[in-house]
Amino acid sequence: MTNLNLTQQEQEKLSSGQPLIWLNPAYQNANSAPDTPDVAGIYEAEARLARFAPLLIDLFPELKEAGGLIESPLLPTDTLNKEINPIGGRLFLKADHALPVAGSIKARGGIHEVLCFAEQLALKENLLSGTDDDYRKLNSDQSRAVFAQHTIAVGSTGNLGLSIGIMGAALGFNAVVHMSSDAKEWKKERLRKRGVKVVEHTADYGAAVAAGRAESDADPHSYFVDDENSPRLFMGYAVAALRLKKQLDAAGIEVSAEQPLIVYLPAGVGGAPGGIAFGLKSLFGDNVHCFFAEPVQAPCMLLGMAGEPGQEPVPIYELGLQIDTDADGLAVGTASQWVCDAVRHQVSGVYTATDDELYRHLFSLKNLENVEVEPSAAISCCGPAMLNTGSGHQYLEAQNIANSLKNGVHVAWLTGGSFVPDKEYQRYLEKAIKISN
């Protein structure tokens, strides 16, 4: 296997599907990420989303109250905090499972990328006179006729496909989503009902992306959203950091060395958690600590981050793993090299968890907070307990925050769930209750 920054014990745990927390040796070493993106991209993405807000209200009336903003609440939780947080501090849930339009963390990045392409095309075809024009013009027969000549395609395990497909179809593009074998049937049906073409694959996420990319490349009028290598997606995700800061400000929380922020982010190929971590580090610097979370059967970001800069990430298959997990949003075999290289110095570490743990937290979220999520989203709630381990304590001491935790703020990022059909969620819950009892 390619050289990795892993101990023998860590490699053995990964290969045998045992949970662990891995501390990133490249953390705070800027030389490990020589091609870090420009922070200005976050503010450009935020401005673009603001320009499109009036149009988004026309296309999705549910956004009217929020002024066209696609955002989720930050939920305080005392009861759940007492159950899952043994290290002290307050716990909040970032409720991206309830993001409007797409119902998952993928909404900001996916929708932003579609809007990037739509804006570029609209300016080229004189559908808009400039970026100060009224973007509601794009909800017209003339604009739809232009957009209908173009295809927007993506490969997905499900949630990114929903955001790209729903937004693309709403604007009038031909939307095509290549779905991996892990994708849930209800997600495919939801897309089809929106007029999106769904191409099913019997192979994993990587194969679906490769097939989608090849088909799109063969069509000069097709635009491919590359989840593995997309600054537009990345910056759309990073906008979440600006929104979170406003929510923390509104709650009277000032992030500092005395009041550190610790964020737990479910990770698949890496784009969404990478973008959010990038945004948070740009705002809060060393006072925010970002941990990625993955199933024990699909630790692709851990392997990617444990590699060297510019090194192609090691697929999880080299560990003898086969992505045997119910966390379909995280069921990815190989991480994005671009994301690993962009945030290698900004991510504190990666922890892994079993599906049983995901289901226990899924049950706790429902039982204690009446919050319904997909299994993949529940993995963020494992974070505080993972820091209450030998390696976790080692990190807290090394960063001089062990004594500040009583004032600390934990954010468990809930990535998907509100669009899950009731029947499907009840199956999750029944399994969760069985495991929890």
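Heads up: the structure comes first, above all this text.
The rules we used
- Residues numbered from 1 in each chain as written.
- Predicted model: local features only at pLDDT ≥ 70, side-chain atom pairs only at ≥ 80, totals over all residues.
- Heavy atoms only, no water.
- Buried < 20%, exposed > 50% of the residue type's maximum accessible area, 1.4 Å probe, protein only.
- Helix = DSSP H or I, 4+ residues; strand = E, 2+ residues; numbered from the N terminus.
- Pairing = 2+ DSSP bridges.
- Core = buried A, V, L, I, M, F, W, Y, C linked by side-chain atoms within 4.5 Å.
- 1 Å grid on protein atoms, 1.4 Å probe; cavity = no way out; pocket = protein on both sides within 12 Å on 5 of 7 lines; lining within 4 Å.
- Points joined across faces, edges and corners; volume = space filled by probe spheres on them.
- Axes fitted to C-alpha atoms, helices over the stretch in contact; angles between N-to-C directions.
- Contact = heavy atoms within 4.5 Å.
- Right-handed = clockwise from strand over helix to strand, strands pointing away.
- Salt bridge = Lys/Arg side-chain N within 4 Å of Asp/Glu carboxyl O.
- Parallel < 35°, antiparallel > 145°, perpendicular 65-115°, else oblique.
- Left-handed = near helix turned anticlockwise from the far one by under 90°.
- Nonpolar A, V, L, I, M, F, W, Y, C, P; charged D, E, K, R; others polar.
- Expected span 1.5 Å × (residues − 1).
- Bend = angle between axes of the 7 residues up to and from the residue.

(A) Structural detail: the pairing of strand β8 (residues 261–266). In terms of burial, β8 is largely enclosed, as six of its six residues are buried. A two-sided burial pattern is seen for β8, the buried positions comprising Leu261, Val263 and Leu265 on one face and Ile262, Tyr264 and Pro266 on the other. Bridging between β8 and strand β9 (residues 288–295) involves six bridges; their strand directions are parallel. Each residue of the ladder has a partner; that of isoleucine 262, found in β9, is histidine 289.

(B) Seen up close, the nonpolar core. Core analysis: the largest hydrophobic core is formed by 134 residues, its most contacted members being Met167 and Leu171. Per-element tally for this core: the top contributor is helix α9 (residues 231–250), with 11 residues. One finds Ala327, Tyr351, Leu358 and Met386 within the second-largest nonpolar core, a separate group that totals 21 residues.

(C) Here's a closer look at the layout of surface pockets. The volume enclosed by the largest pocket comes to roughly 180 Å³. For the lining of the largest pocket, the elements supplying multiple residues, two or more each, are α1 (8–15) and α16 (390–398). When residues in the lining of the largest pocket are grouped by element, the largest group, three residues, is from α1.

(D) The arrangement of the sheet that holds strand β7 (residues 222–225) in detail. Pairing in this open sheet of four strands is parallel, and the strands run β6-β5-β4-β7 from one edge to the other. The strands lining the two open edges of the sheet, one partner per strand, are β6 (197–200) and β7. Here the average twist between neighbouring strands, direction ignored, is 20 degrees. Two strands pair when backbone bridges link them, and strand β4 (residues 151–156) and β7 are joined in this way by four bridges, in the parallel orientation. Looking at the pairing, valine 154 lines up with valine 225 of β7. Across the sheet, helix α6 (residues 159–171) is in contact with β4, β5 (174–179) and β7; its angle to β4 comes to roughly 170 degrees.

(E) Spotlight on the pairing of β5. With respect to burial, β5 is a largely interior element, five of its six residues being buried. The pairing of β4 with β5 spans six bridges and is classified as parallel. Within β5, the position partnered with serine 156 by the bridge is methionine 179. Handedness of the β-α-β unit built from β4, α6 and β5 comes out right-handed. With four bridges connecting them, β5 and β6 associate as parallel partners. The partner of methionine 179 across the bridge, within β6, is glutamate 200. In this fold, β5 hands off to helix α7 (residues 185–193), which returns the chain to β6; that crossover is right-handed.

(F) Seen up close, the pattern of salt bridges. A complete count under the given rule lists 25 salt bridges for this structure. Of the charged contacts, one joins glutamate 357 and arginine 360 as a salt bridge, the two residues approaching to 2.6 Å between their closest N and O atoms. Of this pair, glutamate 357 and arginine 360 are both found in helix α13 (residues 355–369), three residues apart, which corresponds to roughly one turn of the helix. The class for arginine 360 is partly exposed, based on a relative accessible area of 33%. One salt bridge connects lysine 366 with glutamate 372, and the closest N-O pair in it is separated by 2.7 Å. Residue classification places lysine 366 among the partly exposed positions, given a relative accessible area of 22%.

(G) Fine view of the environment of alanine 53. Examined against the element boundaries, alanine 53 turns out to sit in helix α2 (residues 40–59). Sequence separation of alanine 53 and alanine 66 is 13 residues, and the distance between their C-alpha atoms is 9.4 Å. Those residues in contact with alanine 53 that lie beyond four places of it in its chain are Gly67 and Gly68.

(H) Representation of the sheet that holds β9 within the structure. Across the sheet, seven strands lie side by side as β1-β10-β9-β8-β11-β3-β2; this open sheet has mixed pairing. Here the strands that pair on one side only, and so sit at the sheet edges, are β1 (21–23) and β2 (74–76). Adjacent strand axes in the sheet meet at a mean angle of 25 degrees when their direction is disregarded.

(I) Summary view of the packing of helix α4 (residues 106–124) against α9. At a closest axis distance of 7 Å, the pairing of α4 and α9 adopts a crossing angle of 125 degrees. In terms of axis orientation, α4 runs oblique to α9. The interaxial crossing formed by α4 with α9 has right-handed handedness. Residues Lys106, Arg108, Gly109, Gly110, His112, Glu113, Cys116, Phe117 and Gln120 of α4 form the contact with α9, whose participating residues are Arg232, Leu233, Gly236, Tyr237, Ala240 and Arg243. Class assignment of the residues belonging to the contact of α4 with α9 gives a composition of five nonpolar, five polar and five charged.

(J) Spatial organisation of α2. With 20 residues, α2 extends 28 Å from end C-alpha to end C-alpha; this agrees with the ideal 28 Å at 1.5 Å per step. At alanine 53, α2 shows its strongest bend, of approximately 50 degrees, with the proline proline 54 following within four residues. Among all positions of α2, only Gly41, Ile42, Ala45, Glu46, Arg48, Leu49, Phe52, Ala53, Leu55, Leu56 and Leu59 are buried. Where the residues of α2 are buried, they touch α4, α5 (141–147), α6, α9 and α10 (271–284).

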